[in-house]
Amino acid sequence: MTKNITADDIVKEENLVYKKTPVLTDNVMHYCPGCGHGTAHRLIAEVIEEMNIQPETIGITPVGCSVLMYNYLDIDMQGAAHGRAPALATAVKRLMPEKFVFTYQGDGDLAAIGTAETIHACNRGENFTIFFINNGIYGMTGGQMAPTTLPEMRSSTSPYGRDVKMMGNPLKITELVARLPGTYYVTRQAVHTPVNVRKAKKAIRQAFESQKLKKGLSLVEIVSNCNSGWKMSPVQANKWMVENMFPFYPLGDIKLEGRLLNKE
Amino acid sequence: MAKVKGSIIVDRENCKGCEVCVVACPTDVIRLAREVNGKGYHFAYMENPDACIGCANCAIVCPDGVITVYKKKKV
Amino acid sequence: MKELKLMKGNEAIAEAAIRAGADAYFGYPITPQSEILEYLMLERPYERTGMIVLQAESEVAAINMVYGGAGCGRKVITSSSSPGISLKQEGLSYMAGAELPCLVVNVVRGGPGLGTIQPSQSDYFQAVKGGGHGDYRLIVLAPQSVQEMADFVGLGFDLAFKYRNPAMILTDGALGQMMEKVWLDEQKPRLKDFPSWATTGKSADRERNIITSLDLDPLKQEKHNFNIQAKYKKMKEDEVRFEMIECDDAEYIFVAYGTSARICQKSVQLARERGIKAGLLRPITLFPFPEKPLKELGRQVKGMLAVEMSTGQMVEDVMLAVNGRVGVEHFGRMGGVIPSPDEIVVALENMIKKISKS
């Protein structure tokens, strides 16, 4: 016969299976409820903890919602001007090649204003990691159209939906940089379900590990939600993301060990 | 009956009530409270604590890292 | 041991950067300063001292690489010419805001726009008034010879690190392209210990370092601005550099920097041959500007002529310094035209006529 176990019996140090990593600070994140940024931050922090590289890691924050990322990760960080994070990271990594260096950028930062810096850092094969959060919208400035906004998708600057004839096509920059000789590992992930979180974390780990090989740039795109910008509840937004974002931005590895997986 | 039993502690004051954990829970343990925390959010709590298996799915999808998970094997 | 060489001004800057122990150069080609990057690539400082040299994809990327390197507490230098320096302004504003040291060389060409590739001094306002957005200043050094081009590299780095603020060498295409003999300093070692604020990796014994220019709290941002302004005040007290030539008995003085100052030295001689007691005040630091010596000369002389290869920019700072005590006029050529010593003396004579009439 099993005896009744109370919550008090379970909530003990020896039974702990999951706790927030100490690489995250105690600051409460400013993100909207359900925003994928928080999960992505936490996964990066967990990988840093697991690899024991907190003293060796330097992160570069973008301009956008995650501009204040340095408030949440307990590592040395630099805040870049809009779109310029890969330029900062290039210098940081070249001056300190034994350190682990990453940028964390949104779609506006990485795929619009910072396109040149992104493509050239990738093409030069700089040995750092880019974390690219793609939610198809400018979150911080209030929901304007991004380079990754889907066709027909509404935003405050495409209020009738993105008319590709007038506003141009969404840019699949991840597929684009995967084709460059300087990228070594390119993958697209998501963080809205436990399964996806586990996969995304594995990808983040692989990206950091590949810095040790000095074979080129690793880029992890995380397709994420923007509840406020999409004007939905967090759960609805995740559903909308699965139904609309994933068909256009399919999840999975795009380039492994310097080789494109799906040559069209 | 599951062979393990779990429990979660939610940092109520820092929970933003996004409900992502509610959807992620495989055993339907979590609900959002009727009452709100200091920031006005309906925080997550264990509505069916006996069903918790300590899988940590709720914690790993929590964007704010407010869930701590414990698990114990049944004797 | 110092070493004597015959070099272009641009090459002297590049060689001086290696010898000053610079950790990195990031740049982008533009006439008339491309020799800096070319010299560095040819010289392979990464083998001599470990200094990194990288040709960036744009001036914008280059200045942001400088930001990244400076954020790690390293001595980083970039160079460009006017249109490229305009592109770097965003980065310089961020660096001033984040209190990062660096050295920027502007080998000025005539503008506006694409302008010309010939020398000019029309970027004075941009250099000394901030240049980008927000309340900030650069430390601005104005060499007048290839020797000073080399010497001001080390000085620029020292001042930039002393004040945690970007420093600029404001020179022009004439000095960049001109060959002269130059005494080069001995090789200095590169830094091994980095400033406590640098992002070199958070060790267990310290808090994390954050390099940013952002603070959304208005009161904190205001305080930050006051702190930055306090540094500029200190620079004004301690770092003003200038040279006075034949000013002791002068009744009229030229005020000129860089190439113009060099020409004005000849003009002083010519004017004295014609019986005019002329002198020259040459600002070496354009920010901080030599306000005090100008104010004092304002009590002594009958007029000042600011000579610049522009439509008149520094002349405004000369006027502010003398504050109406004495007449100040401007003479300049622009668009890549370099004034002759004679035409400067003619301009002085015209000014004297005007003053004696009134």
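Residues numbered from 1 in each chain as written. Chains lettered and ligands numbered in written order. Predicted model: local features only at pLDDT ≥ 70, side-chain atom pairs only at ≥ 80, totals over all residues. Heavy atoms only, no water.

(A) The sheet that holds strand 4 (residues 67–73) of chain B, seen in detail. Taken in spatial order, the 3 strands of this open sheet run 1(A)-4(B)-1(B), and their pairing is antiparallel. A strand with exactly one partner marks an edge of an open sheet, and here the two such strands are strand 1 (16–18) of chain A together with strand 1 (4–10) of chain B. Strand-to-strand twist in this sheet, taken as the mean axis angle between neighbours without regard to direction, amounts to 35°. The sheet contact formed by strand 1 of chain B and strand 4 of chain B spans 7 bridges and is antiparallel. Across the sheet, G6 of chain B pairs through a bridge with K71 of chain B, a residue of strand 4 of chain B. (Pairing = 2+ DSSP bridges. Helix = DSSP H or I, 4+ residues; strand = E, 2+ residues; numbered from the N terminus. Axes fitted to C-alpha atoms, helices over the stretch in contact; angles between N-to-C directions.)

(B) Quick look at the layout of surface pockets. Residue and element names in this part refer to chain C. Its volume calculated, the largest pocket comes out at about 460 Å³. Listing elements by their share of the lining of the largest pocket, those giving two or more residues are helix 5 (82–98) and helix 9 (218–238). Looking at the lining of the largest pocket, its residues break down into 14 nonpolar, 12 polar and 1 charged. (1 Å grid on protein atoms, 1.4 Å probe; cavity = no way out; pocket = protein on both sides within 12 Å on 5 of 7 lines; lining within 4 Å. Points joined across faces, edges and corners; volume = space filled by probe spheres on them. Nonpolar A, V, L, I, M, F, W, Y, C, P; charged D, E, K, R; others polar.)

(C) Structural detail: the packing of helix 2 (residues 36–51) of chain A against helix 8 (residues 194–213) of chain A. Residues and elements named next belong to chain A. It is at 9 Å that the axes of helix 2 and helix 8 come closest, and there the two elements cross at 50°. By the criterion of interaxial angle, the relationship of helix 2 to helix 8 is oblique. Crossing of helix 2 against helix 8: the hand is right-handed. Contact residues: helix 2 offers T39, L43, I44, E46, V47, I48, E50 and M51, while helix 8 offers V197, A200, K201, I204, R205, F208, E209 and K212. Residue classes in the contact of helix 2 with helix 8 are distributed as 9 nonpolar, 1 polar and 6 charged. (Parallel < 35°, antiparallel > 145°, perpendicular 65-115°, else oblique. Left-handed = near helix turned anticlockwise from the far one by under 90°. Contact = heavy atoms within 4.5 Å.)

(D) Broad picture of the arrangement of the chains. The assembly contains 2 pairs of chains in contact; the pair sharing the most contacts is chains A and C. Over all C-alpha pairs, chain B and chain C never come within contact, reaching a minimum spacing of 20 Å.

(E) Highlighting the interface of chain C and chain A. At the interface, 33 residues of chain C touch 35 residues of chain A. At the boundary of chain C with chain A, total buried surface from both sides reaches about 2600 Å², with 60% on carbon and sulfur atoms. On the chain C side of the contact with chain A, E57, K202 and R208 of chain C bury the most area, a combined 24% of that side's loss. Run the count over chain C and chain A and you get 4 salt bridges. Residue D76 of chain A pairs with R206 of chain C through a salt bridge whose shortest N-O separation is 2.6 Å. Counting only elements with at least two residues in the side of chain C that touches chain A, the list comes to strand 2 (24–27), strand 3 (52–55), helix 4 (59–71), helix 5 and strand 9 (210–211) of chain C. (Buried area = accessible area lost by both parts, 1.4 Å probe. Salt bridge = Lys/Arg side-chain N within 4 Å of Asp/Glu carboxyl O.)

(F) Main features of the environment of Y72 of chain A. Residues and elements named next belong to chain A. Along the polypeptide, Y72 turns up in the loop between strand 2 (57–61) and strand 3 (76–79). Looking at Y72, the relative accessible area reads 3%, which means it is buried. Sequence spacing of Y72 and M29 is 43 residues, and the spatial spacing of their C-alpha atoms is 6.9 Å. Ignoring any residue separated from it by four or fewer positions in sequence, one finds Y72 in contact with V23, L24, T25, N27, V28, M29, H30, Y31 and H41. (Buried < 20%, exposed > 50% of the residue type's maximum accessible area, 1.4 Å probe, protein only.)

(G) Focus on the interface of chain B and chain A. With 32 residues of chain B at the interface, the matching set in chain A holds 32 residues. Counting the surface lost from both chain B and chain A, the interface buries some 2600 Å², and carbon and sulfur atoms represent 67% of this. On the chain B side of the interface with chain A, the three residues burying the most area are I60, P63 and Y70 of chain B, jointly 24% of the side's total. Taken together, chain B and chain A are joined by 0 salt bridges. Summed over the shared surface of chain B and chain A, the result is 9 residue pairs in polar contact (both at pLDDT 80 or more). Those elements that provide at least two residues to the side of chain B that touches chain A are strand 1, helix 1 (20–24), helix 2 (57–61) and strand 4 of chain B. Element by element, the count of residues in the side of chain B that touches chain A is highest for strand 4 of chain B, at 6 residues. A breakdown of the residues in the side of chain B that touches chain A according to their chemical character gives 17 nonpolar, 7 polar and 8 charged. Inspection of the sheet shows strand 1 of chain A paired to strand 4 of chain B by 2 bridges, in the antiparallel sense. Paired with L16 of chain A across the strands is Y70 of chain B, a residue of strand 4 of chain B. (Polar contact = N/O pair within 3.5 Å; in protein donor to acceptor, adjacent residues only side chain to side chain.)

(H) Spotlight on helix 5 (residues 115–124) of chain A. Along helix 5 of chain A, the residues that are buried comprise T115, E117, T118, A121 and C122 of chain A. Positive backbone phi, at 70°, marks G125 of chain A, one or two positions downstream of helix 5 of chain A.

(I) Summary view of the sheet that holds strand 10 (residues 252–256) of chain A. Reading across from one edge, 11(A)-10(A)-8(A)-9(A)-5(A)-4(A)-2(A)-3(A)-9(C) is the order of the 9 strands in this open sheet, with mixed pairing throughout. Two strands close off the open sheet at either side, each with one partner strand: strand 11 (259–260) of chain A together with strand 9 of chain C. Two strands pair when backbone bridges link them, and strand 2 of chain A and strand 4 (residues 100–106) of chain A are joined in this way by 4 bridges, in the parallel orientation. Looking at the pairing, G59 of chain A lines up with F102 of chain A of strand 4 of chain A. In the packing of helix 3 (residues 85–95) of chain A onto the sheet, the strands contacted are strand 2, strand 3 and strand 4 of chain A, and the crossing angle to strand 4 of chain A comes to about 180°.

(J) Seen up close, the pattern of salt bridges. Summed over the entire model, instances satisfying the criterion amount to 44 salt bridges over all chains. One salt bridge connects E117 of chain A with R84 of chain A, and the closest N-O pair in it is separated by 3.2 Å. A residue pair is termed long-range when its members are at least 10 positions apart, and E117 of chain A in helix 5 and R84 of chain A in the loop between strand 3 and helix 3 qualify at 33 residues. On the basis of relative accessible area, E117 of chain A is assigned to the buried category, the value being 2%. The partner of E239 of chain C in a salt bridge is R241 of chain C, and the shortest N-O contact between them spans 3.0 Å.

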